[in-house]
Amino acid sequence: GGTTIVHLQWLINQGHFGPDAHPDMILSITSVSSPFRGTQIVYSLGESVRDAPAIRFFSPGNVAAKVIHLCTYFAPLGMYIPFFGNLLPDLHTESRSLSYREIGLIGLIHQLWKSDWAEGRDATPFDVTFAGSDEREHAGWGDIMNLRGSGTRTWFKSYVAQLTERDPTSTAHTPPASQAWNPLYLTSRLISSFDFTLLRPTPSFVQGCAVVHGTPNGGLLPEEYRANDGIVPVFSQWHPGKCSPRHCIHYASPNTATPVIVPSDTPLHSPLKKDRHPEPGIYHVHSLPSSTHTHHTSVVPFWAGTDCQKTFWVELGHWLRDVEIARWTSPSPEEV
């Protein structure tokens, strides 16, 4: 969701929808645990570390792609069962043209051997690789300062979840044993222990860090690359692109179970006072409000009635109210 709406704004800025469309048509963008800059888990699930978007044969991702292809191939049949509905889910096969009506049996065998869809560059697995993220950022994707009008009439806010805790003696992060019941416990450990030195091309953020090649876990990367919510590392949840004073504001949060993580050269700001309106054209980065560890599904898509969920939705309502007030009380560049 978060990456999709940012991409929509980027397409508007590129003129994809015509000269009358403007990026400021999007009033606000609020994200929760969005993988703006990619995630290690896609490699653990099967994406090639040296030849993305290729997928390792018989990896979890490869098996999942085969299952989806089989469901897509037979989807037009419906396989309706009385009282239960269709046996096969609606996978919107019309958007892929990969059912038996379009490709036949030989085509299905070809796709099961090497999927043009799952191993293409225009697919979610490649979108959340670090190579895919670097390609987008090189093209100006997510760069607020490159938006027409400097993006001054769009308000940005991102929420960060964190399931892990830092090792006091290093930058390593692991989920606590108390979270072993969580289905994301294993994936969180895989993200925390990922070896970045295996990746080719080398991600841009690794090139700027003191990484010791050949050492376990990729050497001396800052903790934001290890800390994660079970699906997405913390640094990727912040926002697209690197941190800078004009690009983002990171806020302290006294109500979180773990310390708020920020880059070493980025200050933590106090939460905005009630009489202060949020500034447009800059990312406001907050941690999810919770006295316990948060993870990728702490807020959405499942409702459990937790204090974290209730506080989040109240905060979001206040944020959107403040955006509406700021929209009408602060002049646009054309009005100055």
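Please refer to the structure placed before this passage.
Residues numbered from 1 in each chain as written. Predicted model: local features only at pLDDT ≥ 70, side-chain atom pairs only at ≥ 80, totals over all residues. Heavy atoms only, no water.

1. Focus on the overall build of the protein
And step 1. For the protein, the helix and strand inventory stands at 10 helices and 9 strands.
And step 2. In the protein, buried positions account for 46% of the 336 residues.
And step 3. Contacts in the protein between residues at least 24 apart in sequence constitute 66% of all its contacts with a sequence separation of at least 6.
And step 4. With the model as given, the accessible surface of the protein reaches about 17,500 Å², and the carbon-plus-sulfur share is 60%. (Helix = DSSP H or I, 4+ residues; strand = E, 2+ residues; numbered from the N terminus. Buried < 20%, exposed > 50% of the residue type's maximum accessible area, 1.4 Å probe, protein only. Contact = heavy atoms within 4.5 Å. Areas by Shrake-Rupley, 256 points an atom, 1.4 Å probe, with all protein chains shown as cover.)

2. Description of helix α4 (residues 104–113)
And step 1. Among the residues of α4, those classed as buried are G107, L108 and Q111. With its buried residues spanning 100° around the axis, α4 presents them on a single face. Projecting away from the buried face of α4 at angles above 90 degrees are the exposed residues L105, I106 and W113.
And step 2. Elements that come into contact with the buried residues of α4 comprise α3 (60–74). (Arc of directions from axis to C-beta.)

3. Quick notes on the packing of aromatic side chains
And step 1. Overall, the coordinates contain 18 aromatic pairs when judged by the stated rule.
And step 2. Here the aromatic rings of F57 and W113 are separated by 5.2 Å at their centres, their planes lie at 50°, and the arrangement is tilted. Here W113 lies in helix α4 and F57 lies in the loop between α2 (41–44) and α3, a separation of 56 residues in the sequence.
And step 3. Its relative accessible area of 65% is what places W113 among the exposed residues.
And step 4. Ring centres of Y225 and F235 lie 4.4 Å apart, and the angle between their planes is 50°; on these two criteria the pair is classed as tilted. With a gap of 10 residues between them, Y225 in the loop between α8 (204–207) and α9 (234–238) and F235 in helix α9 connect regions that are remote in the sequence. Both residues of the pair, Y225 and F235, belong to the buried class.
And step 5. If you follow R136 out to its NZ or CZ, it ends over the ring of W141, 4.6 Å from the centre. (Phe/Tyr/Trp six-rings, centres within 6.5 Å; stacked < 30°, edge-to-face > 60°. Lys NZ or Arg CZ within 6 Å of the ring centre and 35° of its normal.)

4. Quick word on the pairing of strand β7 (residues 248–251)
And step 1. Neither face of β7 is open: one carries C248 and H250, the other I249 and Y251, and all of them are buried.
And step 2. Pairing of β7 with strand β9 (residues 283–287), which is carried by 3 bridges, proceeds in the parallel orientation. Each residue of the ladder has a partner; that of I249, found in β9, is H284.
And step 3. The pairing of β7 with strand β8 (residues 268–269) spans 2 bridges and is classified as parallel. Considered in β8, the bridge of Y251 is made with H269. (Pairing = 2+ DSSP bridges.)

5. A short note on the packing of α3 against α4
And step 1. Axis separation between α3 and α4 bottoms out at 9 Å; the angle between their running directions is 160°. Classified by the interaxial angle, the pair formed by α3 and α4 is roughly antiparallel. The two elements α3 and α4 cross, and the hand of that crossing is right-handed. Note on element contacts: α4 touches α3 through G104, L105, L108, Q111, L112 and W113, opposite K66, H69, L70 and Y73.
And step 2. The residue inventory of the contact of α3 with α4, partitioned by class, reads 6 nonpolar, 3 polar and 1 charged. (Axes fitted to C-alpha atoms, helices over the stretch in contact; angles between N-to-C directions. Parallel < 35°, antiparallel > 145°, perpendicular 65-115°, else oblique. Left-handed = near helix turned anticlockwise from the far one by under 90°. Nonpolar A, V, L, I, M, F, W, Y, C, P; charged D, E, K, R; others polar.)

6. Considering the pattern of salt bridges
And step 1. All chains considered together, the criterion is met by 7 salt bridges.
And step 2. Here E279 makes a salt bridge to R246, at a shortest N to O gap of 3.7 Å. Taken together, the residues E279 in the loop between β8 and β9 and R246 in the loop between α9 and β7 connect sequence positions 33 residues apart. (Salt bridge = Lys/Arg side-chain N within 4 Å of Asp/Glu carboxyl O.)

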